[in-house]
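Residue-level listing of the chains:
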Amino acid sequence: MMLSSKIFFFYYSSLFSCLFFYACQNHNKRDVKEIAPLFTLLTPEQTGIGFSNELEEGLNTNILVYEYFYNGGGVALGDVNNDGLQDIYFTANMKDNKLYLNKGKCSSKMYLLMPV
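Residues numbered from 1 in each chain as written. Predicted model: local features only at pLDDT ≥ 70, side-chain atom pairs only at ≥ 80, totals over all residues. Heavy atoms only, no water.

Time to look at the pattern of salt bridges. Taken as a whole, this structure holds one salt bridge when the rule is applied. Here Glu56 and Lys95 are joined by a salt bridge, their closest N and O atoms 3.2 Å apart. You can see Glu56 sitting in the loop between α2 (44–47) and β1 (74–78) and its partner Lys95 sitting in the loop between β2 (87–91) and β3 (98–104), a full 39 residues away along the chain. With relative accessibility at 37%, the residue Lys95 sits in the partly exposed group. (Salt bridge = Lys/Arg side-chain N within 4 Å of Asp/Glu carboxyl O. Helix = DSSP H or I, 4+ residues; strand = E, 2+ residues; numbered from the N terminus. Buried < 20%, exposed > 50% of the residue type's maximum accessible area, 1.4 Å probe, protein only.)

Right, here's the structure in full:
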């Protein structure tokens with residue numbers, strides 16, 4: 001019984017050692033081709049979208065009083081006016097929500113929606 005436990009220990013410690021030293025080697029021998037970026041950063045002047053969810057901390061509006069203060073607003077995409085183009089709706093925590101109607105060719109027009 002003692003011999004089988006020694007063989008068991010030797011077998012698994014050898015296996016672990018081999019795997020450990022194999023994992024420590026540098027295996028990045030393939031050439032990495034440069035991939036073109038999928039997206040291009042556009043300025044607000046190019047897109048017509050200038051939304052910012054700005055938060056103003058105060059005595060009752062901070063993370064100590066309200067745990068979810070910095071969780072932010074939201075963004076929704078959908079065809080609001082049935083023109084076949086995706087429109088963008090931004091929600092803010094402390095400012096007005098804004099709807100940007102897509103006019104095509106990377107331009108949009110902002111509409112301020114008043115709560116009903």
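Past the structure itself, the notes keep going.
Turning next to the pairing of β3. The pairing of β2 with β3 spans three bridges and is classified as antiparallel. Looking at β3, one finds that Ile88 is bridged to Tyr100. Counting the residues that bridge the hairpin from β2 to β3 gives six residues. (Pairing = 2+ DSSP bridges.)

Next up on the list: a nonpolar patch on the surface. Judged by side-chain polarity, Ile63, Leu64, Val65, Tyr66, Tyr68 and Tyr70 come together as a nonpolar surface patch covering roughly 700 Å² of accessible area. Along the chain, Tyr68 falls in the loop between α2 and β1. For Tyr68, a relative accessible area of 46% translates into the label partly exposed. (Patch = residues over 30% accessible without salt bridge, like charges linked within 9 Å, V, L, I, M, F, W, Y side chains within 5 Å. Areas by Shrake-Rupley, 256 points an atom, 1.4 Å probe, with all protein chains shown as cover.)

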